[in-house]
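In case you want the letters, here they are:
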Amino acid sequence: MTRVAILISGGGSNMAALLRDMVGDHPARPVLVASNDPSATGLALAAQAGVKAVGLDHRAYASRAAFEDDLARALHAASPDIVALAGFMRILSPAFVGQFAGKMLNIHPSLLPKYPGLHTHARALAAGDAQAGCTVHKVTADLDAGPILGQARVAIDAGETEASLAAKVLRCEHRLYPAVLRAFAAKDKSVIYL
Ligand code: GAR
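These notes cover the structure that comes with them. None of the values given here were measured: they were computed from a predicted structure. (Residues numbered from 1 in each chain as written. Predicted model: local features only at pLDDT ≥ 70, side-chain atom pairs only at ≥ 80, totals over all residues. Heavy atoms only, no water.)

## Brief notes about the overall build of the protein chain
Part 1: Counting secondary structure elements, the protein chain contains six helices and eight strands.
Part 2: Each helix (α) and strand (β) of the protein chain, taken in turn from the N terminus, gives the series β-α-β-α-β-α-β-α-β-α-β-β-α-β.
Part 3: Scaling as 2.2 N^0.38, a compact globule of 194 residues should have a C-alpha radius of gyration of about 16 Å, and the protein chain matches this with 16 Å.
Part 4: Projecting the C-alpha coordinates of the protein chain onto the three principal axes gives extents of approximately 50 × 40 × 30 Å.
Part 5: Within the span of the protein chain, comprising 194 residues, buried residues form 47% of the whole.
Part 6: Entry remark: accessible area of the protein chain is about 9,000 Å², with carbon and sulfur atoms responsible for 57%. (Helix = DSSP H or I, 4+ residues; strand = E, 2+ residues; numbered from the N terminus. Rg over C-alpha atoms; globule rule 2.2 N^0.38 Å. Buried < 20%, exposed > 50% of the residue type's maximum accessible area, 1.4 Å probe, protein only. Areas by Shrake-Rupley, 256 points an atom, 1.4 Å probe, with all protein chains shown as cover.)

Structure follows, in structure tokens:
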């Protein structure tokens, strides 16, 4: 059985989509959900679903390195084969990422390589793009720049706002991430386009 740890920071709707999918003949099962915010509502959802949920408040640590040491310890204790970042909003150091090289995935709310970083929807609207979307990629030391594992597109309609676009992209994240995680856990190397 492939063991999946999920890192979140907030609502955890992508995490919930992954948990919903990891049942039945799915090759993987969730073993841990961890957050840098102990009040993240996603942690309560995970606990309700019977998954071990851990909150480590990054603000309580003296340094990024000290926070990452504890996070790495919690992750290693769960022996994950895959670490899925799902709305995890802390930048991770190359030393941390290196400990999970090749098995850490992230979902990002843009069509990478367009718009790494924050405010992706506002940037797509300001550029007058006809399409937006989301990307699942392997995490490397470079922010939002690892090899792409899957991408899903949505149309940007006339009158689209940042909020309407965010909602539309989030719905497509909920389809893309489970599809990519399922393929990745099955060691299927094809890139998924939805
Ligand atoms: C999602 O849109 C995800 O793509 C984004 O945060 C949101 C989390 O929502 N992630 C990033 O921006 C990472 N840089 P969720 O907590 O409901 O899954």
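## Some details on the site of the ligand
Part 1: What surrounds the ligand is the set Gly11, Gly12, Ser13, Asn14, Gly87, Met89, Ile107, His108, Pro109, Leu170 and Glu173.
Part 2: Within the backbone of Gly12, a nitrogen or oxygen atom sits 2.8 Å from an oxygen atom of the ligand.
Part 3: Contact between the ligand and Ser13: an oxygen atom at 2.5 Å from a side-chain N or O atom of the residue.
Part 4: In the complex, 81% of the free accessible area of the ligand, which totals 450 Å², lies under the protein chains. (Near = heavy atom within 4 Å. Polar contact = N/O pair within 3.5 Å; in protein donor to acceptor, adjacent residues only side chain to side chain.)

## Things to note about the layout of surface pockets
Part 1: Approximately 730 Å³ is the volume found for the largest pocket.
Part 2: The wall of the largest pocket is formed by 32 residues, among which Gly87, Phe88, Met89, Ile107 and His108 lie closest to the centre.
Part 3: Going through the elements one at a time, α1 (13–21), β5 (104–108), α5 (120–126) and α6 (162–185) are the ones with two or more residues in the lining of the largest pocket.
Part 4: The greatest single-element share of the lining of the largest pocket, amounting to three residues, is contributed by β5. (1 Å grid on protein atoms, 1.4 Å probe; cavity = no way out; pocket = protein on both sides within 12 Å on 5 of 7 lines; lining within 4 Å. Points joined across faces, edges and corners; volume = space filled by probe spheres on them.)

## So, the pattern of salt bridges
Part 1: Under the criterion given, the structure shown has seven salt bridges.
Part 2: Salt-bridge contacts for Asp57 lead to Arg59; the nearest nitrogen and oxygen are separated by 3.0 Å.
Part 3: According to the relative accessible area criterion, Arg59 is exposed, its value standing at 58%.
Part 4: The network of salt bridges with shared partners includes Asp21, Asp25 and Arg182. (Salt bridge = Lys/Arg side-chain N within 4 Å of Asp/Glu carboxyl O.)

## What about the packing of aromatic side chains?
Part 1: Counting across every chain of the model gives two aromatic pairs.
Part 2: A ring pair is formed by Tyr61 and Phe67, whose centres lie 5.7 Å apart and whose planes are at 65 degrees; its orientation type is edge-to-face.
Part 3: Overall, Tyr61 belongs to the partly exposed group, its relative accessible area being 23%.
Part 4: Residue Phe67 is classed as buried on the basis of its relative accessible area of 4%. (Phe/Tyr/Trp six-rings, centres within 6.5 Å; stacked < 30°, edge-to-face > 60°.)

## With respect to the sheet that holds strand β3 (residues 53–55)
Part 1: The sheet built from eight strands is open, its strands ordered β3-β2-β1-β4-β5-β6-β7-β8 with mixed pairing. The sheet is open, and its two borders are formed by β3 and β8 (192–193), each paired with just one other strand.
Part 2: In this sheet, β3 lies alongside strand β2 (residues 28–35) in parallel orientation, the contact comprising three bridges. Paired with Val33 across the strands is Ala53, a residue of β3.
Part 3: Those strands touched by helix α2 (residues 41–48) are β1 (2–8), β2 and β3, and its axis lies near 155 degrees from that of β3. (Pairing = 2+ DSSP bridges. Contact = heavy atoms within 4.5 Å. Axes fitted to C-alpha atoms, helices over the stretch in contact; angles between N-to-C directions.)

## Quick look at the pairing of strand β7 (residues 148–155)
Two faces make up the sheet, and in a regular strand the side chains alternate between them.
Part 1: Looking at chain direction, strand β6 (residues 131–138) and β7 are connected through seven bridges and run antiparallel. Directly across from Gln131, in β7, lies its bridge partner Ala155.
Part 2: Inspection of the sheet shows β7 paired to β8 by two bridges, in the parallel sense. Bridging across to β8, Gln151 finds its partner in Tyr193.
Part 3: With α6 bridging β7 and the parallel β8, this β-α-β connection has left-handed handedness. (Right-handed = clockwise from strand over helix to strand, strands pointing away.)

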